[in-house]
Amino acid sequence: MSAIKHATDATFEELVLRSDRPVVVDFWAAWCGPCHMVAPELEKMVAKYGDQVAVVKVDVDANPALAQAFNVMSIPTIALFQPGEQPKGVTGYRSLEQLETEFGLQQFTPLNS
């Protein structure tokens with residue numbers, strides 16, 4: 001079973017940019033209330049999609065270079081990185097269902113299908 005990974009400036013390229021599968025990245029901070037609301041939705045995503053879609057969290061306070069590199073101006077920012085495509089992102093709280101719609105995750109086979 002997959003688990004949410006935590007990326008840093010040093011590991012982001014390996015965990016996200018070099019991934020051969022889609023990666024949903026949560027740019028968050030410990031002091032951010034809406035970020036804490038998103039966390040259970042990302043846990044549901046891991047439970048539903050398993051190894052089909054990776055989920056990675058980036059603490060923007062600990063990794064400001066990543067936030068700057070991807071123009072993260074407010075948090076939470078949740079972005080989908082797909083191999084060979086530009087990342088697309090949304091800001092603010094989103095439920096799992098909203099994230100599935102925004103990112104077209106239905107194209108990936110859920111574990112419980």
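Our subject is the structure listed above.
Residues numbered from 1 in each chain as written. Predicted model: local features only at pLDDT ≥ 70, side-chain atom pairs only at ≥ 80, totals over all residues. Heavy atoms only, no water.

Caption draft 1: Representation of the state of the cysteines in the model. Overall, the coordinates contain 1 disulfide when judged by the stated rule. Paired through a disulfide, C32 and C35 show a sulfur-sulfur distance of 2.4 Å. Across the S-S bond linking C32 and C35, the dihedral sits near 80 degrees, which makes this disulfide right-handed. Taking relative accessible area as the criterion, C32 reaches 4% and is therefore assigned buried. (Disulfide = S-S within 2.5 Å. Buried < 20%, exposed > 50% of the residue type's maximum accessible area, 1.4 Å probe, protein only.)

Caption draft 2: Region of interest: the sheet that holds strand 2 (residues 23-28). Read from one edge to the other, the open sheet built from 5 strands follows the order 1-3-2-4-5, with strand pairing classed as mixed. Of all strands in the sheet, those bounded by a partner on one side alone are strand 1 (5-7) and strand 5 (88-91). Neighbouring strand axes in the sheet, compared pairwise and without regard to direction, differ in orientation by 25 degrees on average. Where strand 2 lies against strand 4 (residues 77-81), 5 bridges are found, and the strand directions are antiparallel. (Pairing = 2+ DSSP bridges. Helix = DSSP H or I, 4+ residues; strand = E, 2+ residues; numbered from the N terminus. Axes fitted to C-alpha atoms, helices over the stretch in contact; angles between N-to-C directions.)

Caption draft 3: Molecular detail of the layout of surface pockets. By volume, the largest pocket amounts to about 150 Å³. Going through the elements one at a time, strand 4 and strand 5 are the ones with two or more residues in the lining of the largest pocket. For the lining of the largest pocket, the leading source of residues is strand 4, giving 3 residues. Considered class by class, the residues forming the lining of the largest pocket number 7 nonpolar, 5 polar and no charged. (1 Å grid on protein atoms, 1.4 Å probe; cavity = no way out; pocket = protein on both sides within 12 Å on 5 of 7 lines; lining within 4 Å. Points joined across faces, edges and corners; volume = space filled by probe spheres on them. Nonpolar A, V, L, I, M, F, W, Y, C, P; charged D, E, K, R; others polar.)

Caption draft 4: View of the side chain of E100. Here E100 is to be found in helix 4 (residues 96-103). Among all residues touching E100, those that are not within four sequence positions of it are K48, Y49, L105 and Q106. (Contact = heavy atoms within 4.5 Å.)

Keep in mind these numbers describe shape, not what the thing actually does.
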